[in-house]
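Breakdown of the fold
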Amino acid sequence: MDILKISILGITAVLLALILKSYRPEYSYYISIAVCICIFLFVGTKLEQMIGYAEKMQHLIQLDDSYMAMILKMIGITYVAEFASNICKDCGYQTIAGQIELFAKLSILVLGMPVILAFMETIGELL
């Protein structure tokens, strides 16, 4: 039922921000950012659970530690970039949001390059 709490928090914040927007527009941005941070902190607890499950899966299938760490880093980059990008878009800074998204995509690509290179070497050995 956590989704109900988060949904109610989000809807309440949006309604409050809409009411305050006509009187003090800057307060609507503050409310938006504060609620986003609260929700992001709650997401952090869910991510801790996901990390626990990922560690269990890693032990079950005997996966190399570096691969699981890389996957978790990629997931973390994705969530943080999405969070920051959405805040920038909400405040009207779409260009900065786009740059954050671009940097996140390049960061994920750089993290995945060793795996791609290892895969290419394996294919080269087979041929």
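Residues numbered from 1 in each chain as written. Predicted model: local features only at pLDDT ≥ 70, side-chain atom pairs only at ≥ 80, totals over all residues. Heavy atoms only, no water.

Right, let's talk about the confidence of the model for the protein for a bit. Looking at the protein as a whole, its pLDDT mean stands at 85, while 100% of the residues score no less than 70. Mean pLDDT values for the elements of the protein range from 83 in helix α2 (residues 25–61) up to 89 in helix α4 (residues 94–126). (pLDDT = per-residue confidence, 0-100. Helix = DSSP H or I, 4+ residues; strand = E, 2+ residues; numbered from the N terminus.)

What follows is about the packing of helix α1 (residues 2–21) against α2. Viewed as axis vectors pointing N to C, α1 and α2 meet at an angle of 170°, and their least axial separation amounts to 8 Å. Comparing their axes, α2 and α1 come out roughly antiparallel. Two secondary-structure elements touch here, α1 through Asp2, Ile6, Leu9, Gly10, Ala13, Leu16, Ala17, Leu20 and Lys21 and α2 through Pro25, Tyr27, Ser28, Ile31, Val35, Cys38, Ile39, Phe42 and Lys46. Residues of the contact of α1 with α2, tallied by class, amount to 13 nonpolar, two polar and three charged. (Axes fitted to C-alpha atoms, helices over the stretch in contact; angles between N-to-C directions. Parallel < 35°, antiparallel > 145°, perpendicular 65-115°, else oblique. Contact = heavy atoms within 4.5 Å. Nonpolar A, V, L, I, M, F, W, Y, C, P; charged D, E, K, R; others polar.)

All told, the structure shown has three salt bridges when counted by the stated rule. A salt bridge links Arg24 to Glu26, with the shortest nitrogen-to-oxygen separation between them at 2.9 Å. Judged by relative accessible area, Glu26 falls into the partly exposed class, the value being 29%. Here Lys89 and Glu101 are joined by a salt bridge, their closest N and O atoms 3.1 Å apart. With Lys89 in helix α3 (residues 65–90) and Glu101 in helix α4, the pair connects residues that are twelve residues apart, well separated along the chain. Of the residues examined, Lys89 reaches a relative accessible area of 36% and is grouped as partly exposed. When its relative accessible area of 26% is taken as the criterion, Glu101 is described as partly exposed. (Salt bridge = Lys/Arg side-chain N within 4 Å of Asp/Glu carboxyl O. Buried < 20%, exposed > 50% of the residue type's maximum accessible area, 1.4 Å probe, protein only.)

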